[in-house]
Every structure is written in structure tokens, then in C-alpha cells.
Amino acid sequence: MSADPPSPMLFSDDATSKVRDLILEEGNPNLMLRVYVSGGGCSGFQYGFAFEEASAGEDLVIEKDGVRVLIDPVSLQYLSGAQVDFQDGADGSRFVIKNPNAKSTCGCGSSFSTADIGETNGNSVDGKSCAPGAAVDR
């Protein structure tokens, strides 16, 4: 009997629970959460989240406790080894991504740069340069 291979992205119990709650609120049990990376943000790349009913053929599908997470191959190269968590605190509720591939991040947590992409679009990478209402806030 062999163990399952490690997941390329870890999804915390809190994140799984929150996504399950959001799917229940939507009333559509077929929804899956897409986690993706796109160009933009004050540090070069930004994280995004969206619900979808179907996966593309090349998507990686991670399932945890009945919640399915989709990651496209391009995003996967930036998210490999990342941990997605959900935090609910005095400063609000949001999904938080701890990404070992990020060499600098913005204060909002939704924007990052990698060693390959050092450009910061002229903005500081001290964590204070991003506008409120970032994509990961919920």
C-alpha cells in the first residue's frame, strides 16, 4: 500500500471550511474554487480566486474534505509548495497565501514577485504600497 503523493499546494482546514461555507451560500454543490496567478498588482503578480463549475482538461484538481480546488498549469509553477489559509481576525477576514516562491510581497498579501521577476512596477516592496480591497480579502 503506497501513500498518496504530497499535494503541490496545501489547503488548510480553515480555508477548506470557509470555501465549503461559501459553496453552501451559493447553493451550488458543483462549484470548485480556482486559485490562480495573473500579471499585475504592485509587485508583479497577483493571486486570484474564483468559483467555477467545470475544470479545464489541463487543470490540477486538489480535493480536500469534499472541496475541490483547481489550479491551471501556468499558475501552478508559481503556487507549487504554497499554503492557503483563511484568517478571521480584528483586521478582517481573508484568504492568505504563504508562498515559498515569492521573494517579495505587498502588505495586502495579494501581490508578489519572484526571483525571476524582480520588477516592482516602481512601487516599494515594504508591504505598504498596495491599495485596500485586495483580491484575497473576503
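Here we summarise the structure given alongside this text. Note that residues are indexed from 1 along each chain, following the sequence as it is written. Given that this is a predicted model, residues contribute local features only at a pLDDT of at least 70 and side-chain atom pairs are listed and counted only at 80 or more, while totals for whole chains, interfaces and linings are drawn from all residues. Heavy atoms from the whole structure form the basis of all side-chain values; hydrogens and water molecules are not counted.

Structural notes on the pairing of strand β5 (residues 67-71)
Inference 1: Burial status follows relative accessibility: with a 1.4 Å probe on protein chains alone, a residue under 20% of its type maximum counts as buried, one over 50% as exposed, and anything between as partly exposed. Secondary structure elements follow DSSP: runs of H or I of four or more residues count as helices, runs of E of two or more count as strands, with numbering from the N terminus. Burial within β5 is extensive, with four of its five residues counted as buried.
Inference 2: In the sheet, strand β2 (residues 32-39) pairs with β5 via two bridges, with the strands oriented parallel. In the strand pairing of β5, R34 is matched with L70.
Inference 3: Joining the antiparallel neighbours strand β4 (residues 60-64) and β5 is a turn of two residues, in which D65 adopts a positive phi near 50 degrees. For two strands to count as paired, DSSP must find a minimum of two bridges between them.

Side note on the nonpolar core
Inference 1: Residues M9, F11, V35, V69, L79, V84 and F95 are the most contacted members of the largest nonpolar core, which totals 25 residues.
Inference 2: Looking at which element gives the most residues to this core, the answer is helix α1 (residues 13-26), with four residues.
Inference 3: Contact between two residues is taken to exist if any of their heavy atoms lie within 4.5 Å; hydrogens are not considered. Each residue touching V69, except ones within four places of it in the same chain, is listed here: M9, F11, L33, V35, L60, V61 and I62. What is meant by a nonpolar core is a set of buried Ala, Val, Leu, Ile, Met, Phe, Trp, Tyr and Cys residues, joined one to another through side-chain atoms within 4.5 Å.

Comments concerning α1
Inference 1: Each residue after the first adds 1.5 Å to the expected span of a helix. Between its first and last C-alpha, α1 extends 20 Å over 14 residues, near the 20 Å set by a 1.5 Å rise per residue.
Inference 2: Taken residue by residue, α1 has A15, T16, V19, L22 and I23 as its buried positions. With its buried residues spanning 125 degrees around the axis, α1 presents them on a single face. The exposed residues of α1 that point more than 90 degrees off its buried face are D13, L24 and E25.
Inference 3: In the stretch just after α1, G27 is the one whose phi turns positive, near 75 degrees. As used here, the arc belongs to the directions running from the helix axis to the C-beta atoms.

What about the pattern of salt bridges?
Inference 1: Take a side-chain nitrogen of Lys or Arg and a carboxyl oxygen of Asp or Glu: if they are within 4 Å of each other, that pair is a salt bridge. With the rule as written, the count across this model stands at three salt bridges.
Inference 2: Put simply, E52 and R34 hold a salt bridge, and the shortest N to O gap is 2.8 Å. Of this pair, E52 sits in strand β3 (residues 45-52) while R34 sits in strand β2, and the two are 18 residues apart along the sequence.
Inference 3: On the basis of relative accessibility, which here comes to 10%, the residue R34 falls in the buried class.
Inference 4: Put simply, R34 and D59 hold a salt bridge, and the shortest N to O gap is 2.5 Å. Of the two residues, R34 sits in strand β2 while D59 sits in the loop between β3 and β4, which places them 25 residues apart along the sequence. Considered together, R34 and D59 belong to a single accessibility category, that of buried residues.
Inference 5: Salt bridges sharing partners connect three or more residues here, namely R34, E52 and D59.

With respect to the sheet that holds strand β7 (residues 92-98)
Inference 1: Taking strand neighbours across the sheet as the criterion, the three strands line up as β1-β6-β7 in an open arrangement whose pairing is mixed. Edge strands, defined here as strands with exactly one partner in the open sheet, are β1 (10-11) and β7.
Inference 2: As paired elements, β1 and strand β6 (residues 83-89) share two bridges and run parallel to each other. Bridge pairing in β6 links F11 to V84.
Inference 3: Sheet strands touched by α1: β1, β6 and β7. Its angle to β6, the strand with the most contacts, is close to 75 degrees. Orientation is described by axes fitted as lines to C-alpha atoms, over the contacting stretch for helices, and by angles from 0 to 180 degrees between their N-to-C directions.

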